[in-house]
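Results of the structural survey
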Amino acid sequence: DDILARTRSELEKGLVPVNIFANADIFDAEMERIFAKSWVFLGFESEIPEKGDFMQRRIGRDSVIVTRDGKGEIHVLANFCRHRGTKLCQTDVGNQSHFRCPYHGWVFKNNGEWIGAPDKSKAYRGLDTRDWNLFKAPHVESFLGMIFASLDADAPTLMDYLGGAAWFMRGLMDLHPGGMSPMGPPDRYKVRGDWKTGSENFGGDGYHVGVAHGSVQTIQLAQGFDVLNNYSTHYVIPGGHSFLGHDFDSMFGPDGHVWYYPPDIQRHFDLNRIDPLLQDVVKKNPPIVGTIFPNLSFLRFFGPPSPGKPPAVYTSWRQWQPSGPGEMELWSWQLKWNFMDEQQAADSYAAGQFGFSSAGIFEQDDTVVWEGAPEAARSVWARKEKASFNMQMGMEGMGQQVLDTSWEGPGEAWRPGPGEPSQRAFYRHWLRQMEETGE
Ligand code: FES
Ligand code: FE
């Protein structure tokens with residue numbers, strides 16, 4: 001709680017104490033006060049389309065089974081046997097009406113109900129089986145085919161939780177009635193970084209692009225990143241969410257409309273599905289990255305150039321899965337528009353893997369520099385000096401960024417870059433959640 005008190009006073013100055021990036025107590029509190037309280041993303045409905053389909057996913061550090069029962073309803077179940085805690089489901093995906101525990105053989109239906117055990121009539125005649133169902137998330141909802149769950153019985157609805165972020169998500173995913181779906185299971189890899197670093201970076205760090213990803217420009221695989229700062233808009237949305245809009249007109253001229261999608265993709269979009277202000281954002285300042293609190297981020301970018309063709313545009317939803325203090329797994333789904341033909345989907349997939357994947361040219365830049373924060377947090381010297389990280393960019397008196405008072409969309413729009421309003425808002429929300437002990 002000392003650390004939280006210090007975080008509160010530091011944040012007023014736009015600073016964040018290094019201690020919050022590799023501290024076991026902070027990590028445990030995050031699991032309880034953030035991951036067990038928020039709406040956490042689990043995957044896409046299209047990953048479990050049939051009755052009986054299931055997938056193993058995570059809420060914070062907890063393994064959960066996301067199932068579709070015999071009636072087609074989706075459940076989110078704690079993945080441990082109520083008898084002695086053995087992990088019930090040990091595969092990533094499959095189709096089962098029941099889960100049988102590998103230890104003593106208790107059996108649960110895919111809606112979580114205790115249904116049987118070996119020698120049931122001799123061993124458990126008096127057992128009130130209703131007490132021994134699997135734990136089940138009290139709230140499960142979907143939006144645009146994306147499944148979220150909350151372990152908090154008193155949670156607001158998913159739409160209330162997303163608030164203004166839902167508006168932006170429509171602009172990303174709802175440009176065609178067929179929607180989007182992932183091209184396979186998520187890529188997963190370990191990163192020696194803190195989950196918060198992924199969230200705040202993808203929420204609005206345009207500043208690192210010219211340096212951390214500078215080599216991509218040097219070898220001329222992509223260019224023009226310097227404009228990311230000067231022509232960006234930080235959309236800061238209550239609830240810890242944010243998106244980084246990018247002025248495509250200034251970078252590419254007016255033909256760059258709609259995320260620089262090539263014409264054979266763009267012609268499918270029906271912008272009238274979304275409201276006029278959002279249409280305007282999508283054409284002029286569309287988000288290229290964004291974060292839904294706590295640990296879900298979005299990315300839409302393009303490239304590399306391929307001979308004779310405009311570069312393909314790719315979309316990734318990615319999740320920063322906390323594994324321990326200063327350690328995470330990065331899960332990344334690459335999505336296609338369902339109207340795409342095989343070649344279009346393959347082009348988009350290849351471009352995405354090239355940029356953001358375990359071997360991706362951008363991803364490797366990011367995941368390496370993110371190792372620093374937990375390292376610094378473990379440093380005796382940093383602790384002795386009571387070191388804090390700097391998130392002051394663009395604050396009053398620091399830079400040119402101002403709140404756009406003419407903005408009529410959700411939340412706030414800060415422009416032009418460079419600035420770090422999203423990062424400060426992310427950590428302010430993080431702190432609010434951490435200070436709500438619920439006791
Ligand atoms: Fe699952 Fe015993 S631990 S049946
Ligand atoms: Fe990056």
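Computed from a predicted model, the values in this text were never measured in an experiment.

Focus: the UniProt feature "domain: Rieske" (unreviewed entry) in the chain
Mapped onto this numbering, the UniProt entry annotates "domain: Rieske" (unreviewed entry) at residues 39-135. With 4% helix and 38% strand, the stretch residues 39-135 has end C-alpha atoms that lie 17 Å from each other.

Focus on the domain arrangement of the chain
Considered domain by domain, the chain is made up of domain 1 (40-144) and domain 2 (163-435). For domain 1 and domain 2, the distance between their C-alpha centres works out to 34 Å. By residue class, the composition of the side of domain 1 that touches domain 2 is five nonpolar, two polar and four charged.

Here's the deal with the environment of D270
Structurally, D270 can be placed in the loop between α11 (263-266) and α12 (276-284). We classify D270 as exposed; it has 10 C-beta atoms within 10 Å. Note: C-alpha distance between D270 and I147 (123 residues apart in sequence) is 24 Å. In this view, D270 contacts L175 and H176; residues no more than four positions away in its chain are not counted.

With respect to the pairing of strand β22 (residues 412-415)
Side-chain direction in a regular strand flips from residue to residue, so the side chains alternate between the two faces of the sheet. By the bridge criterion, three bridges tie strand β14 (residues 232-237) to β22 in an arrangement that is antiparallel. Looking at β22, one finds that V236 is bridged to E412. In this sheet, β22 lies alongside strand β21 (residues 402-403) in antiparallel orientation, the contact comprising two bridges. Bridge assignment links L403 to a residue of β22, and that residue is W414.

Focus on the packing of helix α6 (residues 195-204) against helix α17 (residues 421-435)
It is the contact of α6 with α17, at a shortest axis distance of 8 Å, that shows an interaxial angle of 140°. Judged by the inter-axis angle, α6 sits oblique to α17. Where α6 crosses over α17, the two elements pack in a sense that is right-handed. For the pair formed by α6 and α17, the contact residues are K196, S199, E200, G203 and G204 on the first element and S422, Q423, F426 and W430 on the second. Taken together, the residues that form the contact of α6 with α17 break down as two nonpolar, five polar and two charged.

Description of the packing of helix α5 (residues 164-173) against α12
Across the interface, α5 lies against α12 with an axial gap of 10 Å and an inter-helix angle of 60°. Relative to α12, the element α5 lies oblique. Classified by chirality, the crossing of α12 by α5 is right-handed. Contact residues: W167, R170 and G171 in α5; L278, V281 and V282 in α12.

What to know about unusual backbone geometry
The omega torsion of the bond from G303 to P304 falls at 0°, within 30 degrees of zero and hence cis. Structurally, P304 is set in the loop between β17 (296-302) and β18 (313-324). Note that the residue after R415, namely P416, is joined by a cis bond; omega there is -15°. Backbone geometry at D119 places phi at a positive 55°, although glycine is not the residue there. Here D119 is to be found in the loop between β9 (114-116) and α3 (120-123).

Reading the values: rules and limits
- Residues numbered from 1 in each chain as written.
- Chains lettered and ligands numbered in written order.
- Predicted model: local features only at pLDDT ≥ 70, side-chain atom pairs only at ≥ 80, totals over all residues.
- UniProt positions renumbered as here; feature names shortened; annotations may be inferred.
- Helix = DSSP H or I, 4+ residues; strand = E, 2+ residues; numbered from the N terminus.
- Domains from an automatic or database assignment.
- Nonpolar A, V, L, I, M, F, W, Y, C, P; charged D, E, K, R; others polar.
- Buried ≥ 20, exposed ≤ 12 C-beta atoms within 10 Å, placed from the backbone.
- Contact = placed C-beta atoms within 7 Å.
- Pairing = 2+ DSSP bridges.
- Axes fitted to C-alpha atoms, helices over the stretch in contact; angles between N-to-C directions.
- Parallel < 35°, antiparallel > 145°, perpendicular 65-115°, else oblique.
- Left-handed = near helix turned anticlockwise from the far one by under 90°.

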